[in-house]
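# A closer look at the structure
One letter stands for each residue in the lines below.
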Amino acid sequence: MKLILIFVLFLLALYISLPLQKKFNLTLGLDLAGGSHLVFEADTSKISPEKKKTSLSSLKEVIERRVNLFGIAEPNVQTSNFEGKDRIVVELPGVKDAKQAVDLIGKTAQLVFATVQLPDSTASAELTNEAKQEYAAMIPTDLTGADLAESSVAFDETGGQPSVSITFTKEGGEKFARITGENIGKRVAIILDNQIVSSPMVQEKITGGQAQITGKFTLDEAKKLSIQLNAGALPVPVQLIEERTVGATLGAESVAKSVKAGIVGIIMVCLFMILAYGRFGLVANLGLIVFGVLTLALYKLMGVVLTLPGIAGFLLSVGMAVDSNILIFERFKEEKGQRSVANALEVSFGRAWDSIRDANIATLVTAFILANPLDWSFLHTSGPVRGFAITLAVGIGISLFTGIVVSRNLLRVFIKEKK
Amino acid sequence: MMNWMKYRWLYLFISGVVIAAGIFSMLKWGFKIGVDFTGGVVAEYRLKSGEDKIFRYGPLSKEESEKIRQDFASQGATEIMFESVGPSVGPELVKKTIFALLISASVILFWITYQFKSFKFGISATLATLHDSLVLLGLFSIFGHFFGTEIDFLFVTAILTILSFSVHDTIVVYDRVRETRKKIGGSMTEIANMAISQTMVRSLNNSFTIIFMLAALILLGGSSIKWFAAALLIGTVSGTYSSPFVAVSLLVTWDEISNRFMNKSSEEV
C-alpha cells in the first residue's frame with residue numbers, strides 16, 4: 001500500500017520535474033541565466049524619518065515601473081536595510097546592456113520647467129546668446145515632471161533628431177498655457193536633474209497641453225528619458241554600490257558544466273554504493289533517484305531560484321541523503337548477526353533514525369539561519385548564501401523522507417522476496 | 001577492537017601541526033581577499049582574438065567603470081562578466097557573516113548539550129567545528145600565497161557548510177557513544193573506542209560519496225565554483241577526521257581530567 005503511494009508520488013514528481021510540460025519551470029538565477037544584479041543605496045538623509053518609509057516604497061515602485069517599461073521580463077526589485085542604510089536590490093535577468101540599465105534606473109529624472117530671468121535687458125544686449133544664458137537666473141515654476149500624463153520619443157521635423165514629446169495632464173496643460181502666456185518672447189528652460197536640457201524661446205501661448213524637449217539626444221538617450229518621465233522621478237536620489245553582471249554565454253557554460261559534473265558525480269556515488277553494499281546499494285540508488293526527482297519537483301513548485309551555490313547545496317544534500325542509507329546499512333550489518341533479517345532491518349531503521357534525526361536537525365538549523373526566511377536585516381537577505389541554504393534545506397528535508405520512508409519500504413519488499 | 005584512544009595525543013598533535021601551519025601563514029601572508037570584501041571591479045572579457053581574460057581594478061566611480069566598458073566594447077571585446085562592488089559592501093558582509101556564524105555555533109552548542117545532556121559534548125563538538133574552520137582558513141591562506149586563491153563570498157558559504165557537515169558527522173559518533181554508554185557502560189575510553197570502531201566504516205563511506213560529488217565539481221564544474229568545491233572538499237576531509245579524532249579525543253581527555261579532579265577532591269575529603 002505504502003509502496004503504491006510512494007510510486008504515485010514519484011510519478012507526480014516526475015511529471016513536474018520533466019521539462020515536457022510548460023506549467024512548472026525551474027527558475028535559474030542570474031549567474032546561470034545571465035543578467036545583472038544591481039544594488040543602489042538611497043540617500044535618505046534629507047528626508048524626515050516619518051516620511052522615509054513611504055518614500056522608499058514609492059522609490060521601489062518608480063524603479064519597478066522604469067524596469068518594466070524598459071522591457072525586461074521578470075525583474076525583481078527589493079528593498080533592504082542594514083544599519084540604517086537603505087538599499088534597493090534590482091535583479092534583471094537576461095539584460096543585454098547592463099550599462100544602459102544602470103543609467104536608466106539610477107537617474108533621478110527630476111523635471112522642472114523654469115522661467116528665465118535675464119540680468120538686465122539693456123546691458124545684456126551686447127552679450128551673445130550663450131553668455132546671456134550663463135548670466136540668466138532660473139526661476140522654477142510649479143510645472144514639474146509630476147504634471148506629465150505621458151511622454152514618448154519623437155523626431156524633429158527639420159533635422160530628424162530624436163527628441164522627447166510630452167503630454168501634460170489637464171492641470172499641467174493649464175499651468176503650461178499660463179507660463180507660456182506670461183513669457184511670450186522670453187525663454188522657458190527645461191531642467192532635468194539640475195541641468196538645463198533646453199531653453200526654447202516662447203513664440204506664443206501654447207494651449208494644446210503638449211510640448212517637446214529637444215536637446216542633443218541620441219536615440220537611446222531619448223528613449224531612456226522618455227521611460228524615466230513616464231515612470232516618474234525617483235523620490236530620493238540613489239547611488240549604485242554594487243553591480244554583478246554575468247553574460248548569457250558564461251551562464252550557459254556554467255549550467256552545462258554543472259550538469260555534467262552532477263551527472264558524473266551521481267554515477268560515481270551510485271557505483272560506489274553498489275560496490276560497497278551490493279544489492280542494498282541498488283535499493284539506495286533507487287532511493288536516490290526518487291530523491292532527485294522529488295527535489296527537482298519541489299524546487300519548481302516552491303519557485304526556488306537555482307544559482308551556482310544552489311547547485312552545490314543540492315549536491316551536498318545528495319551526499320547527506322546517501323548518508324542516511326549508509327547509516328542504516330552499517331547498522332543492519334551489525335544487527336544481522338544477533339537476530340532475524342527482517343527484525344534486524346526494523347531495529348536498524350529505528351536505531352539509525354536517532355543519529356539521522358539529530359545530525360540532520362543540526363544541519364537544518366544552520367541552513368535555516370543562512371536562508372534567513374524571516375528576513376532579519378542583520379543576516380544575509382539575498383545573494384549566494386541564501387540560494388545555497390535554501391537548496392540545502394529542501395534537500396535535507398526530502399532526504400529525511402526518502403532515507404526513511406522510501407528506502408525502508410523498498411528494503412522491506414526486497415527482504416520479503418528473499419525469503 | 002582497536003584502541004583508538006591510545007593515540008589520541010597523536011591525533012591532536014597532527015591537527016595542531018596543520019592548524020599551526022595555517023596560523024603561521026595567516027599571520028605572515030594573511031589572505032588574498034576578493035572584491036566582495038575589499039570593493040573594486042573584476043571584469044572578464046572575451047577579446048577579439050577569442051581569448052578570455054580577467055581584469056581587476058580598485059574601486060571605480062560610475063564614470064570610470066563606464067569608460068572601461070566603452071573601451072572594451074570599442075575594441076570588439078564581449079563582456080562575459082562584470083562585477084563592481086562598492087567599498088561599503090564588504091564590512092556589511094563581514095558583519096552579517098559573523099552574526100550568522102555566532103548564531104549557528106551557539107544554536108548547535110545548545111542543541112548538542114540538550115541532546116546529550118552534557119556541556120562536555122556540546123563544547124567538544126563546537127571545538128571540533130572550530131578546528132575544521134581553522135584548518136580551512138589556514139589552508140586557504142597558504143593557497144592564497146602560492147596560487148593566488150581569493151577569499152570571496154562563496155568561501156564564506158563553504159565555511160558555514162562545513163560547520164554543519166562537521167557537526168552532522170560528530171553527532172553520529174556521539175550518538176554511538178551515548179548508546180554504548182547506556183547499554184554496555186565502562187570507562188569513557190572504552191566506550192569511545194567502541195563507538196569509533198562502529199562508526200568508522202560509515203564515516204569513511206559517507207565521506208567518499210561526498211568527496212566523489214565534490215571531485216566531479218572541481219574537475220568538471222566551471223571555474224567560478226572550482227575553489228568553492230575545493231573548500232568544501234577540504235572541509236569534508238577535515239570534518240571526517242575531526243569527528244572521531246578531535247571531538248571524541250577532547251571528550252575523553254576532558255572526562256579523564258574531570259575524573260582525576262573529582263577523585264582528588266574526594267580523597268582529600
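Residues numbered from 1 in each chain as written. Chains lettered and ligands numbered in written order. Predicted model: local features only at pLDDT ≥ 70, side-chain atom pairs only at ≥ 80, totals over all residues.

A few words on the sheet that holds strand β11 (residues 210–213) of chain A. Residues and elements named next belong to chain A. On the basis of which strands lie adjacent, the open sheet formed by three strands has the order β7-β8-β11 and antiparallel pairing. Taken across any chain shown, the strands that pair with only one partner, and hence form the sheet edges, are β7 (148–155) and β11. For this sheet, the mean angle separating the axes of adjacent strands, direction not counted, is 25 degrees. Running at roughly 170 degrees to β7, helix α7 (residues 219–231) makes contact with β7 and β8 (162–168) of the sheet. (Pairing = 2+ DSSP bridges. Helix = DSSP H or I, 4+ residues; strand = E, 2+ residues; numbered from the N terminus. Axes fitted to C-alpha atoms, helices over the stretch in contact; angles between N-to-C directions. Contact = placed C-beta atoms within 7 Å.)

Before going further, it helps to spend a moment on the sheet that holds strand β6 (residues 137–144) of chain A. Residues and elements named next belong to chain A. With antiparallel pairing, the four strands of this open sheet are ordered in space as β6-β5-β9-β10. Each edge of the sheet is formed by a strand with only one pairing partner; in this case those strands are β6 and β10 (195–198). Sheet twist, expressed as the mean angle between neighbouring strand axes with direction ignored, is 45 degrees. Across three bridges, the pairing between strand β9 (residues 188–192) and β10 is antiparallel. Paired with Leu192 across the strands is Gln195, a residue of β10. Each of β5 (111–117), β6 and β9 is contacted by helix α6 (residues 170–182), which is oriented at about 150 degrees to β6, the strand it contacts most.

Here the focus is the interface of chain A and chain B. On the chain B side, the residues contacting the 56 residues of chain A number 57 residues. Of all the elements in the fold, those that place two or more residues in the side of chain A that touches chain B are α4 (98–106), β12 (238–246), α8 (248–302), α9 (308–336), α10 (341–371) and α11 (384–418) of chain A. If one sorts the elements of the side of chain A that touches chain B by residue count, α8(A) sits on top with 14 residues. Of the residues contributing to the side of chain A that touches chain B, the split by class is 32 nonpolar, 12 polar and 12 charged. Relative to strand β3 (residues 78–85) of chain B, β12(A) runs antiparallel, the two sharing five bridges. Among the inter-strand pairings, Val246(A) is bridged to a residue of β3(B), identified as Met81(B). (Nonpolar A, V, L, I, M, F, W, Y, C, P; charged D, E, K, R; others polar.)

Moving on: the packing of α9(A) against α10(A). All names here are of chain A. Closest axis-to-axis distance for the α9/α10 pair is 8 Å, and the angle between their directions is 145 degrees. Like other packed secondary-structure pairs, α9 and α10 cross with a definite hand, here right-handed. Mapping the contact onto sequence places Met320, Ser324, Leu327, Ile328, Arg331, Phe332, Glu335 and Lys336 in α9 and Val341, Ala344, Leu345, Val347, Ser348, Phe349, Arg351, Ala352, Ser355, Ile356, Asn360 and Thr363 in α10. Taken together, the residues that form the contact of α9 with α10 break down as 11 nonpolar, five polar and four charged. (Left-handed = near helix turned anticlockwise from the far one by under 90°.)

All names here are of chain A. When the domains of chain A are assigned, the result is domain 1 (2–30 + 247–418), domain 2 (35–106 + 238–245) and domain 3 (111–228). The straight-line distance from the C-alpha centre of domain 2 to that of domain 3 is 28 Å. Taken together, the six residues of domain 2 in the interface contact four residues of domain 3. At the level of elements, α3 (49–70) and α4 are the ones that each hand at least two residues to the side of domain 2 that touches domain 3. Residue composition of the side of domain 2 that touches domain 3, grouped by class: three nonpolar, one polar and two charged. (Domains from an automatic or database assignment.)

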